[in-house]
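In case you want the letters, here they are:
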Amino acid sequence: MYMVMHGRSKDAVMNVNAGMKKKKRIEESADVNADKKESENKAMVSSANTERSQPVISVIMPAYQAGKYIGQAIESVQRQNCREKWELIIIDDCSLDDTAQAVRRYQADPRIRYVRKKRNEGVAAARNLGIRMARGKYVAFLDADDWWDADKLRLQMKCMARTGAVLCCTGRELVHPDGTQTGKVISVPKRITYSMLMRTNLIPCGSAVLLRDVAQEFGFVCDRYHEDYILWLRILKKYKTAAGVNVPALKSRQSEGGKSRNKLKSAYMHYGSYRYLGYGRLLSFYYMIFYTLNGFRKYLG
């Protein structure tokens, strides 16, 4: 009798222990699941916060000996009234003037990043470094001696959303070195094709906004020629069209010594751009006729 009862008691104890172990496993599993869910929630919150803090547009500003004008350029970016977040990446191409001191006044703004290169490599290399550093979905370019109207990026974001274009530009107004108006406004068509662009560069670099992935795909090449014109042609050869916002939202300073000021040098660089892209001499000269006629219309008309 004792043996039977003892056996039953032992079985009961084992059942109780098994039940307790099972309960403990269930509780531990619930704790693990709860911890996992909490971790996932934190990750989602963190990801959402990161997305909210990430810039949508990365503005890339190469600068060389730009201390005199760069403040106006920076402030024009700060005044942008677009709803998209932006960052400004200033690439100092080893300036010898007070560019660094001029930028320091604005570095309290967390949206502004300043990088000084160790050696001067030219504007194409400076812009390419900015593209590599960019965190936004889009990149925009602005030279350190030019400036924008406050609604420039807003108009372009609206245009790109409507058209699906990978590249968008605006018109520009030419200004004297002291910033006063010249009375010259250069318009842009609403739609720019590869064949239109072959005849003349319709896309001012300081007005351009494009997808960062597209900028990374091609990049700027060859400072000897018009590096921006080469980039636009390569992009349109693949993506067919660019969009234009016909508002002079870029104020383009006609600085002494700038590429566009020396017409003979600019013509040589334009011809060199065709040759760099693989066009023969005859075809390059043919397109130079259109370039020359457009130049007369643009600056003398």
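Residues numbered from 1 in each chain as written. Predicted model: local features only at pLDDT ≥ 70, side-chain atom pairs only at ≥ 80, totals over all residues. Heavy atoms only, no water.

A. A look at helix α5 (residues 152–163). Relative to the 16 Å expected for twelve residues at 1.5 Å per residue, α5 spans 17 Å between its end C-alpha atoms, a close match to the ideal helical length. Residues of α5 that are buried: Lys152, Leu153, Gln156, Met157, Cys159 and Met160. Viewed along the axis of α5, the buried residues span an arc of 165°, placing them on a single side of the element. Across from the buried face of α5, at angles greater than 90 degrees, the exposed residues are Lys158, Ala161 and Arg162. Those residues of α5 that are buried lie in contact with β1 (57–63), β4 (138–141), β5 (147–148), β6 (167–175), β9 (209–211) and β10 (241–253). Just past α5, the residue Gly164 takes up positive phi, approximately 75°. (Helix = DSSP H or I, 4+ residues; strand = E, 2+ residues; numbered from the N terminus. Expected span 1.5 Å × (residues − 1). Buried < 20%, exposed > 50% of the residue type's maximum accessible area, 1.4 Å probe, protein only. Arc of directions from axis to C-beta. Contact = heavy atoms within 4.5 Å.)

B. Representation of the environment of Arg135 within the structure. Here Arg135 is to be found in the loop between α4 (123–133) and β4. Accessibility expressed as a relative area gives 39% for Arg135, which makes it partly exposed. Expressed as a C-alpha distance, the spacing of Arg135 and Ile57, which sit 78 residues apart in the sequence, is 7.9 Å. Setting aside chain neighbours within four positions, we find Arg135 in contact with Gln54, Pro55, Ser58, Glu87, Arg113 and Arg212.

C. Quick look at the packing of aromatic side chains. Here the structure, examined in full by the defined rule, presents nine aromatic pairs. Measuring from ring centre to ring centre gives 5.1 Å for Phe141 and Phe220, while their planes differ by 85°; the resulting arrangement is edge-to-face. Remark: Phe220 occurs in the loop between α7 (212–218) and α8 (227–239) and Phe141 occurs in strand β4; sequence separation between them is 79 residues. One exposure class covers both Phe141 and Phe220, and it is buried. A centroid spacing of 6.0 Å and a plane angle of 75° characterise the contact between Tyr229 and Tyr274, whose relative ring orientation is edge-to-face. You can see Tyr229 sitting in helix α8 and its partner Tyr274 sitting in helix α9 (residues 263–276), a full 45 residues away along the chain. Judged by relative accessible area, which is 0%, Tyr229 ranks as buried. Put simply, the rings of Tyr229, Tyr274, Tyr286, Tyr287 and Phe290 pair up and form one aromatic cluster. A cation over an aromatic ring shows up here: Arg127 above the ring of Phe220, its NZ or CZ 5.1 Å from the ring centre. Over the face of the ring belonging to Trp148 we find Lys152, whose NZ or CZ atom lies 4.2 Å from the ring centre. (Phe/Tyr/Trp six-rings, centres within 6.5 Å; stacked < 30°, edge-to-face > 60°. Lys NZ or Arg CZ within 6 Å of the ring centre and 35° of its normal.)

D. Focus on the pairing of β6. With respect to burial, β6 is a largely interior element, nine of its nine residues being buried. Bridge analysis of β6 against β9 gives two bridges, and the strand direction is antiparallel. Bridging from a neighbouring strand, Leu167 pairs with Leu210 of β9. Across seven bridges, β6 lies against β10 in parallel orientation. (Pairing = 2+ DSSP bridges.)

E. Spatial organisation of a nonpolar patch on the surface. Nonpolar side chains collect at one region of the surface, where Leu283, Tyr286, Ile289 and Leu293 lie side by side and expose about 370 Å² of accessible area between them. Tracing the sequence through the fold places Leu293 in helix α10 (residues 281–300). Using a relative accessible area of 48% as the deciding quantity, one classes Leu293 as partly exposed. (Patch = residues over 30% accessible without salt bridge, like charges linked within 9 Å, V, L, I, M, F, W, Y side chains within 5 Å. Areas by Shrake-Rupley, 256 points an atom, 1.4 Å probe, with all protein chains shown as cover. Salt bridge = Lys/Arg side-chain N within 4 Å of Asp/Glu carboxyl O.)

F. Geometry of α9. Helix length check: α9 (14 residues) gives 19 Å between terminal C-alpha atoms against 20 Å at 1.5 Å per residue, within 8%. Three or more residues of α9 are buried, namely Ser266, Met269, His270, Tyr271, Gly272, Ser273 and Tyr274. Phi turns positive, to about 100°, at Gly278, one or two residues after α9.

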